[in-house]
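# Residue-level structural notes
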Amino acid sequence: MENGDAAAEHSNKARLAIMELTNMISVPMSLHAVVRLNVPDALWQDGANTPLSASEIISRVLPSGSGGDSENLQRILRMLTSYGVFEEHLDSSSERKYSLTDIGKTLVTDAEGLSYAPYVLQHHQDALVRSWPLVHEAVLDPTSEPFAKANGEAAYSYYGKKPEMNELMQKAMSGVSVPFMRAILNSYDGFKGVNRLVDVGGSAGDCLRMILQKHPHVVEGINFDLPEVVAKAPSIPGVTHVGGDMFESIPTGDAIFMKWVLTTWTDEECKAIMENCYKALPEGGKLIACEPVLPKESDDSHRTRALLEGDIFVMTIYRAKGKHRTEDEFKQLGLAVGFPHFQAFHIDYFYTVLEFQK
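Residues numbered from 1 in each chain as written. Predicted model: local features only at pLDDT ≥ 70, side-chain atom pairs only at ≥ 80, totals over all residues. Heavy atoms only, no water.

## Thoughts on the UniProt feature "domain: O-methyltransferase C-terminal" (unreviewed entry) in the protein
Note the threshold: UniProt positions are given in the numbering used here, feature names are shortened, and annotations may be inferred rather than shown by experiment. Secondary structure follows DSSP: runs of H or I at least 4 residues long count as helices, runs of E at least 2 residues long count as strands, and numbering of each begins at the N terminus.
Those residues carrying the UniProt feature "domain: O-methyltransferase C-terminal" (unreviewed entry) are residues 135-339 in this numbering. Taken as a whole, residues 135-339 contains 46% helix and 16% strand, while its terminal C-alpha atoms sit 35 Å from one another.

What follows is the structure, given as structure tokens:
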């Protein structure tokens, strides 16, 4: 009887788990909704983070007299509370009020105008959402990623024709890059002795700006990205914005820095990029690549899930055979193009700093 009860319990838990997984699309879409509605900033209010009801939040995010459905907002807030984005407060009248958790605070606009909110919006634009029902096509035909099948062309060329998508991408990358760069600059000393530093795929130049502030001996920064990207990059003291194609050539420097570049390309494309890096470096120069690195074994930790989910994002949006890689897979790519020395520095929860030295 006990065995029968245990089997029934396992079956019930399994059915509950598959129901949760099936309906999980409501999580990112609800996150997208609260960002669109500017709920995090409305709650934060310069650090007050006072618990508010859904109707009170609506009064802050919508113009006076424009309505809004507080019951539907509360439904969204309750669900996201179960994922740790908000904290729920029940008062004596049983009215539900909400404040931000540490997770929710990542969506608040800081003094520099940055947050993870643009990253949420960037991931859920119409062109990207259209790609997700076609994930199975990456198995059936890996020569073309689901994004290209859904939109008629590859993501980067598609972005290039949509200024608003490029602008959002820059904001998203800035919001993600700045906290990560603070962690690197506090713990990594690999920029010592570098005078001229090239950032490949540097977007708006935020990483170079922070590196030059921390390391004044880096007297020249080259922010290298696609011409349409650097055309919108702001002026930064000590930084020159250069447009080009990393598959053709890369500007020379004592060291080359890149973040979340290799992961969006196939092994052969990575080798082409890294070979151009090798050619652009002097003897003893190094490529410093900050990339998501997969663990050897799969588990259900938040870190492993974030890395594996990011891997599927790359497969769906950028390259069916672009991927997150293990530490050894990165080492082998470096050896294949001539880098004899390799080191990995585990500084950040998501990114790993990889050094390839010539």
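Alright, that's what it looks like, and here's the rest.
## Some words on unusual backbone geometry
What counts is decided by this rule: The rule is simple: take the accessible area with a 1.4 Å probe, protein chains only, and divide by the maximum for that residue type; under 20% is buried, over 50% is exposed, in between is partly exposed.
A positive phi is found at D46, a non-glycine position, where the angle reads about 60°. Within the secondary structure, D46 sits in the loop between α3 (39-44) and α4 (54-61). We note that N49 has phi near 50°; this positive angle belongs to a residue other than glycine. Following the sequence through the fold, N49 ends up in the loop between α3 and α4. Taking relative accessible area as the criterion, N49 reaches 14% and is therefore assigned buried.

## Topic: the pattern of salt bridges
Stated precisely, the cut-off is as follows: Basic side-chain nitrogens of Lys or Arg form a salt bridge, by our definition, when they fall within 4 Å of a carboxyl oxygen of Asp or Glu.
For the structure on display, the rule yields 15 salt bridges. The residue R96 makes a salt bridge to E88 at a minimum N-O spacing of 3.0 Å. We classify E88 as partly exposed; its relative accessible area is 28%. For E167, the salt bridge is made with K171, and the minimal N-O distance between the two is 3.8 Å. Residue E167 and its partner K171 are located together in helix α12 (residues 163-187), separated by four residues, close to a single helical turn. Among the residues examined, K171 registers a relative accessible area of 45% and is labelled partly exposed. Among the charged side chains, a salt-bridge network with shared partners connects R78, E88 and R96.

## Section: the side chain of T263
Applicable threshold: When checking whether two residues touch, look at their non-hydrogen atoms; a contact exists if any pair is within 4.5 Å.
Tracing the sequence through the fold places T263 in the loop between β6 (255-259) and α15 (267-280). Residue classification places T263 among the buried positions, given a relative accessible area of 0%. Beyond its immediate sequence surroundings of up to four residues, T263 is in contact with E291, P292, V314, G322, K323, H324 and R325.

## As for the environment of V242
Examined against the element boundaries, V242 turns out to sit in strand β5 (residues 239-243). On the basis of relative accessibility, which here comes to 26%, the residue V242 falls in the partly exposed class. In this structure V242 touches I222, N223, F224, D225, V230 and P251, once residues within four positions along its chain are discounted.

## Comments concerning the packing of aromatic side chains
Worth spelling out the cut-off: To pair, rings of Phe, Tyr and Trp, with the six-membered ring standing in for Trp, must have centres within 6.5 Å; the planes then decide the type, stacked if under 30 degrees apart, edge-to-face if over 60, and tilted in the middle. Sitting over a ring, as applied to charges here, requires NZ of Lys or CZ of Arg to be within 6 Å of the ring centre and within 35 degrees of the ring normal.
Applying the stated rule across the entire model yields 19 aromatic pairs. Ring centres of Y188 and F345 lie 5.4 Å apart, and the angle between their planes is 65°; this geometry places the pair in the edge-to-face category. Remark: F345 occurs in strand β9 (residues 341-345) and Y188 occurs in the loop between α12 and β3 (196-200); sequence separation between them is 157 residues. Both rings, one in F313 and one in Y318, keep their centres 6.0 Å apart while their planes meet at 70°; by these two values the pair is edge-to-face. With respect to class, F313 is no different from Y318; both count as buried. Here the aromatic residues W132, F147, Y156, Y158, Y159, F247, W260, W265, F313 and Y318 are joined through ring pairs into a cluster of three or more. A cation over an aromatic ring shows up here: K358 above the ring of Y278, its NZ or CZ 4.4 Å from the ring centre.

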